[in-house]
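Secondary and tertiary structure notes
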Amino acid sequence: MERKIVFKGNVVLPDQVLESSYVYCRDGRIVHVGRDNPDPAAPLQEAAIVAPGCVDIHVHGGANADYMDGTGDAVVTVNRAHAWHGTTTLFPTTTTGSREELEAMVSACEAVQADWDPGKGARIAGIHFYGPYFAEDKVGVHAPEGRRDPVREEYEHFLGREIVRIATCAAELPGAAGFYHFAAEHGCFLTCGHSNSSWEEMEAAFRQGVRHVDHFWCAMSSVASLRKRFGTPMRAGMEQFVLATREMSTEVIADGHHLASDLLNFAYRMIGPDRLCLVTDANRALDCPAGEYSFGPEATGTRVFSDGETVRGADGSLASSMHGMDHMIRVMAKATGAPLHDIFAMASLTPARRTGIEDQTGSLEAGKRADILLLSQDLSLERVYIAGQPFDG
């Protein structure tokens with residue numbers, strides 16, 4: 001029996017908002033988008049705004065679970081938590097950790113991906129192999145004991161797994177070139193993060209296939225940090241390289257705490273919605289009360305502290321975020337005043353394009369998955385549909 005449903009509202013498309021229009025879905029796929037309703041007999045759901053489900057390429061945890069806990073239950077818990085906030089596709093993201101902890105995380109995600117259904121929350125498009133290859137002076141809140149320079153046998157083992165689709169390494173590390181080469185050969189989207197790399201090191205990384213920098217202005221090189229590393233004359237780094245290089249993309253944590261509105265507006269105006277992604281970078285404190293938590297694996301991760309709005313390390317520094325994508329969308333919209341289609345492009349289509357899954361998701365277009373958000377006029381999330389089914393998990 002066919003599953004049919006029609007959504008009506010102001011429909012957010014890649015380049016415009018189509019007012020008072022319809023999205024017709026059948027058997028989990030979008031069949032028609034337009035001003036006419038091709039099947040008046042199908043069940044109808046109405047909202048002020050009909051938008052594509054979000055794609056999060058950088059996410060660690062939620063609902064008191066972290067992907068690095070390395071169990072199927074933890075993975076499903078996080079996926080469900082983020083589905084409640086409008087993320088319908090995501091890339092579980094590693095932290096620093098031991099080889100055994102990374103293996104448990106990857107294996108748990110593989111098992112959940114293989115046995116997925118919409119009731120289990122956001123769909124896993126792949127893993128973001130993020131830690132452990134960070135610069136020693138840019139580890140941030142990640143457990144420093146789990147940081148290391150690239151180990152060929154280790155990264156070949158993990159990057160050779162079909163599920164790993166995004167690969168991060170600090171560009172200045174010894175062995176980074178080999179990491180990038182192997183990751184590129186295996187079709188990964190290459191990124192540089194937790195890095196104090198210079199322009200020259202970014203140029204070399206770019207030649208090796210790097211096309212993205214993780215969480216802009218966070219745990220990355222600056223003119224000041226490079227002066228400390230190299231002395232004078234002062235040097236350009238990751239920020240300048242991304243701004244100057246059209247092929248590079250980046251991401252922002254628009255939780256209202258990491259970056260002020262002026263920086264979010266600067267990123268939108270100078271980088272643009274086709275190169276800028278919204279990410280949550282959320283940890284296990286999402287949807288949890290204030291208190292003490294572990295960032296990364298429950299047993300060995302860094303102890304962090306939530307005040308109900310932010311999560312910080314013992315030294316007071318921010319420790320990723322505790323907000324979902326719906327919050328990021330509202331903050332970014334208020335900070336930039338950008339058109340709604342640009343806001344949702346940064347949360348959906350741009351990350352989908354960058355990771356090569358835009359033929360399946362990221363926008364409301366015929367043939368794509370029926371991953372759909374219903375929102376009020378003030379961008380409050382009212383309902384989430386995954387593969388055309390209401391998410392009630």
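Placed above this text is the structure.
So, here is what we can say about the structure in this document. As the structure is a computational prediction, the values presented were derived from the model and not from experiment.

With that settled, the discussion passes to empty space enclosed by the protein. In the structure shown here, the tally under the stated rule is one cavity of 30 Å³ or more. What the largest cavity holds in volume is close to 60 Å³. Surrounding the largest cavity, Val12, Leu13, Pro14, Pro52, His341, Phe344, Ala345, Ser348, Leu349, Gly362 and Ser363 form its lining. For the lining of the largest cavity, the leading source of residues is helix 10 (residues 340–354), giving five residues. For the lining of the largest cavity, the per-class residue count stands at seven nonpolar, four polar and no charged.

Estimated volume of the largest pocket: approximately 270 Å³. Residues belonging to the lining of the largest pocket are distributed by class as follows: eight nonpolar, nine polar and one charged.

Further remarks concern the nonpolar core. Judged by nonpolar contacts, the single largest core of 92 residues is most densely connected at Leu159, Phe179, Tyr180, Val252, Leu278, Ile329 and Met332. Examining the composition of this core, we find that seven residues originate from one element, helix 9 (residues 325–336), more than from any other. In this view, Ile329 contacts Cys54, Leu278, Ile343, Phe344, Ala347 and Leu379; residues no more than four positions away in its chain are not counted.

Look at helix 9 against helix 10: their axes get within 10 Å of each other, and the N-to-C directions meet at 145°. Crossing of helix 9 over helix 10 shows right-handed handedness. Note on element contacts: helix 10 touches helix 9 through Ile343, Phe344, Met346 and Ala347, opposite Met325, Ile329, Met332, Ala333 and Thr336. Residues belonging to the contact of helix 9 with helix 10 are distributed by class as follows: eight nonpolar, one polar and no charged.

Before going further, it helps to spend a moment on the pairing of strand 4 (residues 44–52). Taken together, the five bridges between strand 1 (residues 4–12) and strand 4 define a ladder with parallel strand orientation. Along strand 4, the bridge assignment pairs Val11 with Val50. Here strand 4 pairs with strand 19 (residues 372–375) via four bridges, running antiparallel. Bridge assignment links Val50 to a residue of strand 19, and that residue is Leu374.

Analysis parameters
Residues numbered from 1 in each chain as written. Predicted model: local features only at pLDDT ≥ 70, side-chain atom pairs only at ≥ 80, totals over all residues. Heavy atoms only, no water. 1 Å grid on protein atoms, 1.4 Å probe; cavity = no way out; pocket = protein on both sides within 12 Å on 5 of 7 lines; lining within 4 Å. Points joined across faces, edges and corners; volume = space filled by probe spheres on them. Helix = DSSP H or I, 4+ residues; strand = E, 2+ residues; numbered from the N terminus. Nonpolar A, V, L, I, M, F, W, Y, C, P; charged D, E, K, R; others polar. Core = buried A, V, L, I, M, F, W, Y, C linked by side-chain atoms within 4.5 Å. Buried < 20%, exposed > 50% of the residue type's maximum accessible area, 1.4 Å probe, protein only. Contact = heavy atoms within 4.5 Å. Axes fitted to C-alpha atoms, helices over the stretch in contact; angles between N-to-C directions. Left-handed = near helix turned anticlockwise from the far one by under 90°. Pairing = 2+ DSSP bridges.

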